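# Overview (structure and organization)
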Amino acid sequence: MTRSLVSSVLALVIVVAQNVALAESDARQWLERMSMASQSLNYSGTFVYQRQGSLEAMRIVHARDESGERERLLSLTGPKREVLRDNQVVTCILGDRQAVVVNKSRPRTPFPVRFPTELMDLEKHYHFKVLDEDRVAGLTCRVVSVQPRDEYRYGRRLCVHDKSHLLLRSELTAARGEAIEQVMFTAVEFPQAIAGQKLLPDMDGADFTWHREPSEQPETGDSVADSRWKVTQVPDGFMLTDHGWHQLSADEAGVEHWVYSDGLASVSVYIEKSPKDSEAYSGVSYRGALNAYGTMVGGYYVTVVGEVPRQTVELIGNSVRVK
Amino acid sequence: MSDEIGEQLSALVDDELDEVERPLLLGRLQRDTELREILGRYQLISEVMRGAGQVATLGIADRVKRELERNTALPPAEKPNPGGLGWMKPIAGLAVAASVALVAVLAVTSVRQPAVETATRVASTQDTEAAVGGSGELWERIEPRIDKRMAAYLVNHNEYAASRGVQGVMPYVRIVGYENNRQ
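This paragraph deals with the overall build of chain B. If you tally the helices and strands in chain B, you get eight helices and one strand. Walking chain B from its N terminus toward its C terminus, one meets helices and strands in the order α-α-α-α-α-α-β-α-α. Residues classed as buried in chain B amount to 33% of the 183 residues present.

Pasting the structure below:
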């Protein structure tokens, strides 16, 4: 009798565990399709972006053809700002600041990123769930919940279009589920082709100050071993995915760059020499869910930036040491 | 347009417009671009107010579209507006209503304090308030010299973050988004 009861309980536990695994696998399939759709579809639409104390309307046009991806994002409220991106460069035209920032673009890798290590054990750090259907911009979408298991990362509540798999609504949440910022389409369409004119900026920025990332980058070595710095602490699950040196602007000195990722969220660490007359500073700043922590170590600026909670950027920033 | 039209728009948004008034208003919406734009803005706010995670009801745009499709026979044209002034009051009224709606949305969903405080050294990593960024410097309010560097970092980080993982929001939304609390 006892043996029978144990067997039944064991069977029940196995069934529950299998269902949880299936649910998480299903959620990750939605995320994979969503990630692919955002890069492979032609789409254009208007959406709202809400963060602390503000609500902005924007328009996005995304084209994908044999030449690759092209994207244009522009503000519909507030000062005129546009970002244009193609396979070569990202151009940010900031009308209110009379400035244009041009950087090289990087190839996008659809989720899940194929890291060679245990980084793919995302379930160790997030709960994945597929929830009910909802409607956004008149389209039916499926709600996918990704909740963190600790306070070093944010959660996501996503609504993914059931047909195209485009992300129609996205909400970033803190550990207790509080919304930090959200993006939601109010109208979206999927044209067969997008005319090149729709991807051109309204502003040419000819009279603005231009900040270009130089095509020639400093030759200071490329491996972590060449660095005189080390990052000694990151939250569990984060791993170094990129490291290198950049010169982000022709009139600026080079900056050393470390990128850590847990498979969903990424954190950048920038280290650059400070000017002699600069004052020491330390603190956190934020823009929506993006937190930045800055401090000075041995006459160098150390700045940590990421779509992660404040304590994550602080933890990493305070762990930077000279070798 | 009159105050009555403004009230009818509100009733349409709430799906409470009666059968007599509805075809008249829909006919007017079909002819009047500015009125449609006002309705569009009102819908956008209404959609946001409904918020994420709730079961969405049929959007106002869908209702208008549905009604326009259903009402093949439009009502006779109304008299033209006597002058610009007639537009002002209802638009202002709607704008006030929209502002109130926005304040309500932000009061409910905002989890950060917009108040500026001097950037200080690290809080405890276990500080749950910090988990949602309860303090710190709003990006736009930091020194211009630091801000310039931050802008370059932000663009660069976006490229790396977008090339890996799942972004919570579309890349570059935070750059294009304008900070209303700028001082």
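Counting secondary structure elements, chain A contains two helices and 20 strands. Looking at chain A residue by residue over its 323 residues, the buried ones come to 43%. When contacts within chain A are restricted to residue pairs at least 6 apart in sequence, those whose partners lie at least 24 apart make up 51%.

Our next topic: the pairing of strand 3 (residues 68-75) of chain A. All names here are of chain A. With eight bridges connecting them, strand 2 (residues 54-65) and strand 3 associate as antiparallel partners. Paired with isoleucine 60 across the bridge in strand 3 is leucine 73. Between the end of strand 2 and the start of strand 3, which pair antiparallel, lie two residues. Summarising the sheet, strand 3 and strand 4 (residues 81-85) pair through four bridges and their orientation is antiparallel. Counterpart to arginine 72 in the pairing with strand 4 is leucine 84. Turn length for the strand 3-strand 4 hairpin, with the two strands adjacent in sequence and antiparallel, is five residues, and the turn residue glycine 78 shows positive phi of about 70°.

What follows covers the confidence of the model for chain B. Residues and elements named next belong to chain B. Taken over all residues, the pLDDT of chain B has a mean of 54, while the share at 70 or more is 31%. The secondary structure element of chain B with the lowest average pLDDT is helix 5 (residues 85-109), at 31, and the one with the highest is helix 8 (residues 173-176), at 82. The ipTM for the predicted assembly is 0.80, set against a pTM of 0.67.

Cys92, Leu168, Val267, Val269 and Ala292 of chain A are the most contacted members of the largest nonpolar core, which has 84 residues in total. In terms of residue count, helix 7 (residues 144-162) of chain B provides more of this core than any other element does, six residues in total. Counting residues in hydrophobic clusters, the runner-up holds seven residues, among them Ile5, Leu9, Leu17 and Leu39 of chain B.

Let's shift gears to the sheet that holds strand 5 (residues 89-94) of chain A. Residue and element names in this part refer to chain A. Judged by pairing direction, the sheet is mixed, and its twelve strands sit side by side in the order 7-8-9-10-11-1-2-3-4-5-6-12 without closing on themselves. Either end of the sheet is taken by a strand with one partner, and the two such strands are strand 7 (126-136) and strand 12 (209-212). Strand after strand, the sheet turns through a mean of 15° between neighbouring axes, direction not considered. Looking at chain direction, strand 5 and strand 6 (residues 99-104) are connected through six bridges and run antiparallel.

The next subject is the pairing of strand 1 (residues 43-51) of chain A. With nine bridges connecting them, strand 1 of chain A and strand 2 of chain A associate as antiparallel partners. Note that in strand 2 of chain A the partner of tyrosine 49 of chain A across the bridge is glutamate 56 of chain A.

Where burial is concerned, most of helix 2 (residues 310-317) of chain A is hidden: eight out of the eight residues are buried. Listed as buried for helix 2 of chain A are Arg310, Gln311, Thr312, Val313, Glu314, Leu315, Ile316 and Gly317 of chain A.

All names here are of chain A. In this structure, glutamate 189 sits in strand 11 (residues 179-189). We classify glutamate 189 as exposed; it has 9 C-beta atoms within 10 Å. Apart from the residues lying within four places of it in its own chain, the contact partners of glutamate 189 are Tyr43, Ser44 and Gly45.

Turning next to unusual backbone geometry. Keep in mind that most residues, glycine aside, have a negative phi and that most peptide bonds are trans. We note that alanine 137 of chain A has phi near 55°; this positive angle belongs to a residue other than glycine. Examined against the element boundaries, alanine 137 of chain A turns out to sit in the loop between strand 7 and strand 8 (139-148).

Conventions and cut-offs
- Going along each chain's sequence as written, the residues are numbered from 1 onward.
- All chains are assigned letters beginning at A, and all ligands numbers beginning at 1, according to the order in which they are written.
- Predicted model: local features are reported for residues with pLDDT of at least 70 only, side-chain atom pairs are reported and counted for 80 or more only, and whole-chain, interface and lining totals are derived from all residues.
- In this description a helix means any DSSP run of H or I spanning at least four residues, a strand means any run of E spanning at least two, and both kinds are numbered starting from the N terminus.
- Each residue is classified by how many other C-beta atoms fall within 10 Å of its C-beta atom, where C-beta atoms are placed from the backbone; a count of 20 or more means buried, 12 or fewer means exposed, and values in between mean partly exposed.
- In this description, a residue-residue contact is defined by the distance between C-beta atoms placed from the backbone, which must lie within 7 Å.
- A pair of strands counts as paired when DSSP detects no fewer than two bridges linking them.
- A score from 0 to 100, pLDDT tells how confident the predictor is in each residue.
- Each nonpolar core comprises buried Ala, Val, Leu, Ile, Met, Phe, Trp, Tyr and Cys residues, the members being joined through C-beta atoms within 7 Å.
- Every axis in this analysis is a line fitted to C-alpha atoms, fitted for helices over the stretch in contact. Angles between the N-to-C directions lie between 0 and 180 degrees.

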